[in-house]
Amino acid sequence: MVQELAETQTRPRLEAKFRKPTLNDGAALWRMAKDSQVLDLNSSYSYLLWCRDFAETSVVATIDDEPAGFVTGYVRPDEPGTLMVWQVAVNSAFRGQKLAATMLDELAARLDSDFVETTITDDNAASMRLFSSFAERRNVPLERDPLFTRSMYPDGHDTEFLFRIGPLN
Ligand SMILES: CC(C)(COP(=O)(O)OP(=O)(O)OC[C@H]1O[C@@H](n2cnc3c(N)ncnc32)[C@H](O)[C@@H]1OP(=O)(O)O)[C@@H](O)C(=O)NCCC(=O)NCCS
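Note that the structure is a prediction, hence the values are computed from the model and not measured.

Cut-offs and rules
- Residues numbered from 1 in each chain as written.
- Predicted model: local features only at pLDDT ≥ 70, side-chain atom pairs only at ≥ 80, totals over all residues.
- Heavy atoms only, no water.
- Pairing = 2+ DSSP bridges.
- Helix = DSSP H or I, 4+ residues; strand = E, 2+ residues; numbered from the N terminus.
- Axes fitted to C-alpha atoms, helices over the stretch in contact; angles between N-to-C directions.
- Contact = heavy atoms within 4.5 Å.
- UniProt positions renumbered as here; feature names shortened; annotations may be inferred.
- Buried < 20%, exposed > 50% of the residue type's maximum accessible area, 1.4 Å probe, protein only.
- Right-handed = clockwise from strand over helix to strand, strands pointing away.
- Expected span 1.5 Å × (residues − 1).

Asks: What exactly am I supposed to notice about the sheet that holds strand β4 (residues 82-90) here?
Replies: The strands that make up a sheet pair up through hydrogen bonds in the backbone, lying either parallel or antiparallel. On the basis of which strands lie adjacent, the open sheet formed by seven strands has the order β1-β2-β3-β4-β5-β7-β6 and mixed pairing. Because the sheet does not close on itself, it has two edges, and the strands there are β1 (16-19) and β6 (142-148). Across this sheet, the average inter-strand angle for adjacent strands is 25°, counted without regard to direction. Relative to β4, strand β3 (residues 66-75) runs antiparallel, the two being bridged by seven bridges. Residue pairing in the sheet places Thr 72 in a bridge with Gln 87 of β4. Lying on the sheet, helix α2 (residues 26-36) is in contact with β2 (59-63), β3 and β4; it crosses β3 at an angle near 95°. On the sheet, helix α4 (residues 99-111) packs against β1, β2, β3, β4 and β5 (115-121) and is oriented at approximately 155° with respect to β4.

Laid out in structure tokens, this is it:
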């Protein structure tokens, strides 16, 4: 198993470390989401809540002990083998160096997930590439279907397409 994972994982060029978030990371996660100017910025409260209650299914990347990126996710209550990735962000200073890819690899390996899901809007090429590449490294199917369409939103939010990757095991 360890050898299989080593073959599918990518490694960042940076001296990054990966760990579960703690309450102390909540503010940094909110700031990174805000600074991304792409992610839906949720309340600062929600990031603290996530760090408390969903640490097991989330990752923080640190460089020199400072948060440089994060993945927040949860295991779907009605489908325990499926990791739903909620948000991914990497500090702009550290992008393009496989930090996001490695965080996803770490999380999927930690949870031994059968499927990984996320939703992506059509204008987010970086995110599409991140998840397509995750599927390609494992040579597993990726399905893409509209999940939350524009008419469902009260505020004209773009359609979020569900990317479902797997089975991984
Ligand atoms: C998306 C994001 C997390 C990627 O982080 P990153 O650490 O730079 O990504 P990685 O270096 O791990 O690259 C992973 C893959 O995505 C591709 N990629 C990264 N940025 C890209 C971009 N701007 N456009 C197209 N592809 C991109 C990489 O080439 C790589 O593909 P490969 O494996 O085929 O070589 C980062 O750009 C970000 O924080 N963006 C703002 C927030 C956001 O859009 N989050 C995703 C929605 S939840």
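Now that the structure has been shown, we can carry on.
Asks: Help me understand the UniProt feature "domain: N-acetyltransferase" (unreviewed entry) in the protein, please; the structure alone is not making it clear to me.
Replies: Under the local residue numbering, the UniProt record ascribes the feature "domain: N-acetyltransferase" (unreviewed entry) to residues 16-160. Annotated as residues 16-160, this span is 33% helix and 30% strand, and its ends, taken at the C-alpha atoms, are 31 Å apart.

Asks: Just checking my understanding: could you explain the pairing of β5 for this structure?
Replies: Counting buried residues in β5 gives five out of seven residues, a clear majority hidden from the surface. In this sheet, β5 lies alongside β4 in parallel orientation, the contact comprising four bridges. Pairing of Met 84 across the sheet is with Glu 117, part of β5. Chirality of the crossover, the property in question, places the unit of β4, α4 and β5 among those that are right-handed. Here β5 runs beside strand β7 (residues 160-165); their pairing, made up of six bridges, is antiparallel. Among the inter-strand pairings, Thr 118 is bridged to a residue of β7, identified as Phe 163.

Asks: I'm lost on unusual backbone geometry in this one. Help?
Replies: Note: most residues except glycine have negative phi, and most peptide bonds are trans. Of note, the amide linkage connecting Gly 166 to Pro 167 takes the cis form, showing an omega dihedral of 5°. Despite not being glycine, Asp 112 has its phi angle at roughly 55°, a positive value. Positionally, Asp 112 belongs in the loop between α4 and β5.

Asks: It is not clear to me how helix α5 (residues 125-138) should be interpreted in this structure. Could you clarify?
Replies: Here α5 spans 20 Å end to end across 14 residues, near enough to the 20 Å set by a 1.5 Å rise per residue. Looking at α5, one finds that the buried residues are Ser 127, Leu 130, Phe 131, Ser 132, Ser 133, Phe 134, Ala 135 and Arg 138. Looking one or two places after α5, you find Asn 139, whose phi comes out positive at around 60°.

Asks: Is there a simple way to think about the pairing of β2 in this case?
Replies: The side chains of a regular strand alternate, first on one face of the sheet and then on the other. Counting buried positions along β2 gives five out of five residues, so the element sits mostly inside the fold. Burial along β2 is two-sided: the residues Val 59, Ala 61 and Ile 63 and Val 60 and Thr 62 are all buried. As paired strands, β1 and β2 are joined by four bridges and run antiparallel to one another. For Phe 18, the partnering residue across the bridge sits in β2 and is Ala 61. Taken together, the five bridges between β2 and β3 define a ladder with antiparallel strand orientation. The residue of β3 that forms the bridge with Ile 63 is Glu 66. Linking β2 back to β3 in an antiparallel pair, the connection comprises two residues, with Asp 64 at a positive phi of about 50°.

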